[in-house]
Amino acid sequence: MITFKILLLTSITLCTGAKAAVTAASVLKQKQYYLPYQDAREAVIQAEDLLSTGGRLHLNGRESKVDEIFLKYKYDELAKGFRDTDHNPAGMHFFKAKPMIERSKVFHFLQQMPKGAVLHTHTSATVSSKWVVQNLFRMPGLLRCVTKDGVSVLSFRRMPEKHKCVTQYVSVNEERSRSASAAEYDRALEKLINLYTPTPELEYTSINRVWKKFQNMFSTISDVLLYIPAFRTYHWQMMEEMYNDNIMYAEVRMNFYELYDISGRTFPAERCITELIATIRQFKQQHPDFLGIKIIVSPHRNAEPDEMRKRYDTFKKYHSMYPKELIGFDLVGQEDTGKPLHNFVSVLHDLPKTAKFFFHAGETNWFGASTDYNLLDAILLNTTRIGHGYALMKHPVLWNAAKARDIAVEVSPISNQVLNLVWDLRNHPGALFLAQNVPMVICNDDPGFWGAKGLSYDFYYAIMSLAPNNAGLKTLKQLVWNSVKYSTFEPGERQRAYALLQKKWDHFIDDVLKGVVV
C-alpha cells in the first residue's frame, strides 16, 4: 500500500477547489486514508472530469445513447489520426484538413446539432467568399482599381480618388468577359477575399505577413458592402448561412459608414442601421425560429484618441436611438501593431447603463507586453466578454478574475490558427479553458475569409482538438448552452431562447436516435 492522501488532496484542492477536494476526501475516508495506486489515479481523473466544461452536466437516457454514438465517431477518427498523422485533422492546419473534416462523421453530426448563438463574428467577413464572388461580384456596375500598395479595391462608385487608387477603374464584368476563362477569373477574384493557400507554412511565414493580407481583404470588399443593393443581399445571406448551420442568433461586430447607390448619392451612416434592422426583421418573418442579430459597434484600434472619442460619442448617440439593436462597443484590428486599450481609458467613460463593452483582448503570443495587458484593461473596464483571450492563461490573476466574475472568453480556434497564433490546435489555450471550466463560447470570427461557414468547423476543432479524447455530448451541450447564457438577451428574450434551444436540441437527439443524422 502507498499513502496518497496528502498529495491527492493538495493537488485536487489547488486545481479544482474545495468541492472536488471534499469529494476526494470522502473517497480517502472510505479507504481508511490509504489508497491503492489505481484508486488514487482514478480519483484524480474523476476530479478533473468534474472540473471541466460540462463535467457536472447531467445527460438523460436518450442523450446518453447519443453520447455513445458520437463518441464512437470521435474515437474512430482519433484512432485513425493516431495511426497516421497525415490523416489527423485535429492536429492539422485548417487549409490542409478541411477536405477530411468535410468527410467526417463527427463534422456531419456537428452540422446537424443546434449551436445556439454565435457571439463573435465580423459582418464584412462572415459570408463565404465563393457566394460573394458568384453574387456580389457579378452585379452590374462593379468596378476595380488598384492602390499604390497593389491592393485591389472593388466598388460601385466612379470616384477612384476616394480610395487613393493609382489606376483607373475597370469594369469587372468586362474583364471577366475578355478573360480566357470566366471560372479562372472568378477564382482570381476570390483570392482577393480568401486567405486559403495549400501551403500556409510557406506563404504566411510570420503573423504580420498574414495579417497584412487579411486586412487588405477588408479594403478590397468594404466599399462593395456599402452599395445599398449589395448591403441588403449580403446581410441576408449572412443570416442564411447562420441559419443553415443551425445557429439561431448572433451578436456581430461592425462599424457604420455612409451608404451609396448606383447614381452616386450617399446616405448618412444611420442608414446602415435602419437597413440592417429592416433586413433582420424580414428574415425573422420568413424564419420565425431565428431570434435575430444585435450589433457591437467596432471602430479600428489605430484611431487617435480624439478620433476614437468622436466614434465613441457617435456610438452613444446611435445607442440612445436604437438601444435594443446596438448593444455595445469594441475595438478591432491587429493587437500587436495597434494601439493598446490602455491608450483609450480616458476616452471610454460614461458608458450608458444599457450598453456594454466587448473588448478584443489578448489575441497575441506575447507575454508581458502591452498587447497581452489589453486583457487587464478589458477586465478593469468591466468588459462583458473577452474577444479571443488567447494570452489569458499566462495571467493567473486575470483568468481567475474572469472565472470568478463569469466573463466569457470568445474562442475562435480556426481564426487563431489561420492568423498564425498556433499551428496545432491541440496546443490552443482553449484546452486549458475547457479543463478549468473557464467561461467560454465557441465563435467563428471571420469565416468567409478562410472558406468556412457557420460554426460547425470551429466546433469540430473545439471537440476534437481542444477537448480531451473522452469529451462528448456533455461538453458540446455546455458550450451550446453557454452561447445563450453569455449573450445579451434580456430576461424575457433569454427565457424564450432557452425554450427554443431545448426544443431544437430534443428534436436533434430524436433524429440521431432515428438514424437521420450522419
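That block above? That's the structure.
The shown structure was predicted, so the numbers you read here are calculated from the model rather than taken from an experiment.

Colleague: How would you explain the pattern of salt bridges if you had to name every residue and give the values?
Modeller: Applying the stated criterion across every chain yields a total of 31 salt bridges. With a shortest N-O distance of 3.0 Å, Lys72 and Asp76 are connected by a salt bridge. Taken as a pair, Lys72 and Asp76 lie in helix H4 (residues 61-83) at a separation of four residues, close to a single helical turn. A salt bridge links Arg253 to Asp330; the nearest nitrogen and oxygen atoms lie 3.0 Å apart. Taken together, the positions of Arg253 in strand S5 (residues 249-254) and Asp330 in the loop between strand S9 (326-329) and strand S10 (356-361) put the pair 77 residues apart, joining distant regions of the chain. Each member of the pair, Arg253 as well as Asp330, is classed as buried.

Colleague: Requested: an account of the side chain of Arg144, with residues and values cited.
Modeller: Locating Arg144 in the fold gives a position in strand S2 (residues 143-146). For Arg144, a relative accessible area of 19% translates into the label buried. A distance of 2.7 Å separates a polar atom in the side chain of Arg144 from a polar atom in the side chain of Glu175. If we ignore the near neighbours within four places in the chain, the residues touching Arg144 are Ser152, Val153, Leu154, Gln168, Tyr169, Val170, Val172, Glu175 and Tyr185.

Colleague: Tell me about the state of the cysteines, residues and numbers included.
Modeller: Taken as a whole and judged by the stated rule, the model has one disulfide. Two residues, Cys145 and Cys165, share a disulfide whose sulfurs are 1.9 Å apart. Pair noted here: Cys145 is in strand S2 and Cys165 is in the loop between strand S3 (152-155) and strand S4 (170-171), with a separation of 20 residues, a long-range link. Both residues of the pair, Cys145 and Cys165, count as buried.

Colleague: Now, about the pairing of strand S12 (residues 408-411): what can you tell me, with residues and values included?
Modeller: Neither face of S12 is open: one carries Ala408 and Glu410, the other Val409 and Val411, and all of them are buried. In this sheet, S12 lies alongside strand S11 (residues 385-388) in parallel orientation, the contact comprising three bridges. Within S12, the position partnered with Ile386 by the bridge is Val409. Remark: the S11/helix H16 (residues 396-404)/S12 crossover connection has right-handed handedness. As paired elements, S12 and strand S13 (residues 440-442) share three bridges and run parallel to each other. Its bridge partner being in S13, Val411 is matched across the sheet by Ile442.

Colleague: Run through the packing of aromatic side chains, naming residues and quoting values.
Modeller: What characterises a pair of aromatic rings is the spacing of the ring centres plus the angle enclosed by the ring planes. The final tally for this structure, using the stated rule, is 27 aromatic pairs. Both rings, one in Phe70 and one in Phe109, keep their centres 4.8 Å apart while their planes meet at 45°; by these two values the pair is tilted. Of this pair, Phe70 sits in helix H4 while Phe109 is found in helix H6 (residues 105-112), placing the two residues 39 residues apart along the sequence. Classification of Phe70 as buried rests on a relative accessible area of 0%. Ring-pair connections join several aromatic residues into one group, and the members of that group are Phe94, Phe95, Phe107, Tyr196, Tyr457, Tyr460 and Tyr461. Between the NZ or CZ atom of Arg157 and the centre of the ring of Tyr260, over which it lies, the distance is 3.9 Å. In this arrangement the basic side chain of Arg271 is found over the ring face of Phe267, its NZ or CZ atom lying 4.7 Å from the centre.

Rules used in this analysis
Residues numbered from 1 in each chain as written. Predicted model: local features only at pLDDT ≥ 70, side-chain atom pairs only at ≥ 80, totals over all residues. Heavy atoms only, no water. Salt bridge = Lys/Arg side-chain N within 4 Å of Asp/Glu carboxyl O. Helix = DSSP H or I, 4+ residues; strand = E, 2+ residues; numbered from the N terminus. Buried < 20%, exposed > 50% of the residue type's maximum accessible area, 1.4 Å probe, protein only. Polar contact = N/O pair within 3.5 Å; in protein donor to acceptor, adjacent residues only side chain to side chain. Contact = heavy atoms within 4.5 Å. Disulfide = S-S within 2.5 Å. Pairing = 2+ DSSP bridges. Right-handed = clockwise from strand over helix to strand, strands pointing away. Phe/Tyr/Trp six-rings, centres within 6.5 Å; stacked < 30°, edge-to-face > 60°. Lys NZ or Arg CZ within 6 Å of the ring centre and 35° of its normal.

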